[in-house]
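Here is what each chain is made of, one letter per residue.
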Amino acid sequence: MAKLTTQFICQSCGSVSPKWNGKCNDCGEWNTLIEEVVETGKKKVDAVHQNRISSNPPVKATTLAEIPRKEGERMQTAFGEFNRVMGGGIMKGSLILIGGDPGIGKSTLMMQVAGYLDSNKETILYVSAEESVHQVRGRAERLGLEKAPILLLAETNLNEILLQARNLKPALLIIDSIQTVYLPDLSSAPGSVSQVRECTSAVMTLAKTEHITTFITGHVTKDGSIAGPRVLEHLVDTVLQFEGDRNHHFRILRSLKNRFGSTNEIGVFDMNSRGLREITNPSELFLSEFSQGITGSVIAVTMEGTRPILVELQALVSNCNYGFPQRNTNGFDQRRMTMLLAVLEKRLGTPMGTQDVFLNVASGLKIDDPAADLGVCIAILSSFREWSIARDVVFIGEIGLGGEIRSVSSIEQRLMECAKLGFKRLIVPKASLKEAELPKNVEVIGVNHIQDVYNRMDEWLADLQL
Ligand code: TYD
Ligand code: MG
């Protein structure tokens, strides 16, 4: 007999507790437990697991050599950027979660991926649980995909969706979004942690037993997680995050987890009136508005997955006239900037305590690569000292608390990208240069300490001084 009980689920780690606590006993996060009414008993377990039980193949262990190699395991789309983020195409039979803010373009991306799939003979099923089929058709029309062979279904009951998918056996199934579908056997509301988790688990079973490549989209919560971090992450094969700034027209697709490719890989897209367009040379785009002569502006290189991207860092340092000095960052960790300010103060004697400091990664990219540290420090010094840095100089290096410049990963790729884009003088950590193969026609300058850079700064300033 099924009966209703109240339980508390941690939004952070998904653990279940019979009573409310301020702090989760499992992961130690505060204020993450939320109340949910759930149906316990045999019925629920059956509903979710019946597919698994009925289609269980006989269990047999095999040696690695016995398992045949599969060719053509990945599906390609006409979006090269998308293929790259997925690790070289979409792995067949995998379950992929695409998270992002509402309105960022998840449905648009899914529709274009479906329309741009290389094989046009196979069935594609697009399930919209948020919009009517007319709305989806309207979008497809704007994208020029109204003739694409895509089957549409507007449905929110997951059992119906699973039934349709079993009958149609599509090569690609898209469920948009996981927060709006529901399993009627569970009593909690669509979008609640237990619904989202059980629905994802049921979709996973479908993907694996029927070998159907499945995408699910999910809205992120206010703190940036999809129905609580880690709740869904371990259930799916790949987690992609679609992000962007509402004020900028470009979007970034980032892989946070990928069982079939490297993580932190990013793909850059431009959203215009006819949908998303891929941008294959993001550094050029991010530097397009960079102009010589502005103090506080410096070029740094960040590794995003396997690809180096050049970005412009902008700092503004001004006298603090009202009480407590401000520290504000856009696209860079504020605490890390505070640490770098302390290093500048302690190791170079630059008085930062009386200054407001603002740091901006131009173009809206968010970077967390420590190799940008040196660029950040130079941007701050440049604004403070009224230096304008020469157009052809790039700063690369992680900074330690002693002011030492530490080596960074993938130095050769970073240098190659700088050389490709016409930068001539590359300031890099000496320790990274030991075995690195250096690009030709550029001057690579190894430095050990922030003091070295400070002392030689004259060499790298623009002739034109404001
Ligand atoms: P959508 O894919 O519906 O977002 P999500 O599924 O993540 O909620 O995209 C919504 C936004 O994208 C909307 O503000 C309009 C814009 N958009 C364009 O700018 N161009 C287009 O061709 C399309 C289809 C959407
Ligand atoms: Mg949508």
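(A) Structural view of the side chain of Arg251. With respect to the element layout, Arg251 can be found in strand S12 (residues 250-258). Only 2.8 Å separates the side chain of Arg251 from the backbone oxygen of Ile104, close enough to count as a polar contact. Apart from residues lying up to four places away in sequence, Arg251 is in contact with Ile104, Phe242, Glu243, Gly244, Asp245, Gly267, Val268, Phe269, Met271 and Leu276.

(B) Broad picture of the pairing of strand S9 (residues 172-176). In terms of residue burial, S9 counts as a mostly covered element, since 5 of its 5 residues are buried. Covered by surrounding structure in S9 are Leu172, Ile174 and Asp176 together with Leu173 and Ile175, the residues of both alternating faces. As paired strands, strand S7 (residues 124-128) and S9 are joined by 5 bridges and run parallel to one another. When the bridges of S9 are listed, Ile124 appears paired with Leu172. Where S9 meets strand S10 (residues 213-219), 4 bridges bridge the pair, whose relative direction is parallel. Bridging across to S10, Leu173 finds its partner in Thr214. As for the winding sense of the linkage, the β-α-β connection from S9 through helix H6 (residues 193-210) to S10 is right-handed.

(C) Inspection of unusual backbone geometry at higher detail. Note that the residue after Asp176, namely Ser177, is joined by a cis bond; omega there is 0°. The residue Ser177 is located in the loop between S9 and H6 in this model. A positive phi angle, near 45°, is found at Lys169, a position not held by glycine. Counting through the fold element by element, Lys169 comes out in the loop between helix H5 (158-168) and S9.

(D) Up close: the sheet that holds S9. The strand order across the open sheet built from 9 strands is S8-S7-S9-S10-S6-S11-S12-S13-S14, with neighbouring strands paired in mixed fashion. Every interior strand has two partners, whereas the edge strands, strand S8 (150-154) and strand S14 (275-279), have only one. This sheet shows a mean twist of 25° between the axes of neighbouring strands, independent of strand direction. Pairing of strand S6 (residues 95-100) with S10 involves 6 bridges; the strand directions are parallel. When the sheet's bridge partners are listed, Gly100 is paired in S10 with His219.

(E) Region of interest: the domain arrangement of the protein chain. Domain boundaries in the protein chain define domain 1 (3-45), domain 2 (74-280) and domain 3 (285-460). Relative placement of domain 1 and domain 3: their C-alpha centres are 45 Å apart.

(F) Spatial organisation of the environment of Ile411. Here Ile411 shows up in helix H10 (residues 411-420). Overall, Ile411 belongs to the buried group, its relative accessible area being 8%. Sequence-wise, Ile411 and Pro429 are 18 residues apart; in three dimensions their C-alpha atoms are separated by 9.3 Å. Those residues within four positions of Ile411 in sequence are excluded, and the remaining contacts are Ile396, Val428, Ser432 and Ala436.

(G) View of the environment of Val239. Residue placement: Val239 occurs in strand S11 (residues 238-244). Note: C-alpha distance between Val239 and Ile216 (23 residues apart in sequence) is 9.8 Å.

(H) Looking closely at the pattern of salt bridges. Summed over the entire model, instances satisfying the criterion amount to 19 salt bridges. Between Arg425 and Asp392 there is a salt bridge, and its shortest N-O distance comes to 3.0 Å. Placement of the pair is Arg425 in strand S22 (residues 425-429) and Asp392 in the loop between helix H9 (373-385) and strand S19 (393-395), with a sequence separation of 33 residues. The class for Asp392 is partly exposed, based on a relative accessible area of 22%. Ionic contacts of the salt-bridge type, sharing partners, join the residues Glu81, Arg84, Glu265 and Arg307 into one network.

(I) Seen up close, the packing of helix H8 (residues 334-348) against H9. As a packed pair, H8 and H9 sit with axes 10 Å apart at the nearest point and diverge in direction by 65°. By crossing handedness, the relation of H8 to H9 is classed as right-handed. Seen from H8, the contacting residues are Arg336, Met337, Leu340, Leu341, Leu344 and Leu348; seen from H9, they are Asp373, Val376, Cys377, Ile380 and Leu381. Among the residues making up the contact of H8 with H9, the classes are represented as 9 nonpolar, no polar and 2 charged.

Conventions we followed
Residues numbered from 1 in each chain as written. Chains lettered and ligands numbered in written order. Predicted model: local features only at pLDDT ≥ 70, side-chain atom pairs only at ≥ 80, totals over all residues. Heavy atoms only, no water. Helix = DSSP H or I, 4+ residues; strand = E, 2+ residues; numbered from the N terminus. Polar contact = N/O pair within 3.5 Å; in protein donor to acceptor, adjacent residues only side chain to side chain. Contact = heavy atoms within 4.5 Å. Buried < 20%, exposed > 50% of the residue type's maximum accessible area, 1.4 Å probe, protein only. Pairing = 2+ DSSP bridges. Right-handed = clockwise from strand over helix to strand, strands pointing away. Axes fitted to C-alpha atoms, helices over the stretch in contact; angles between N-to-C directions. Domains from an automatic or database assignment. Salt bridge = Lys/Arg side-chain N within 4 Å of Asp/Glu carboxyl O. Left-handed = near helix turned anticlockwise from the far one by under 90°. Nonpolar A, V, L, I, M, F, W, Y, C, P; charged D, E, K, R; others polar.

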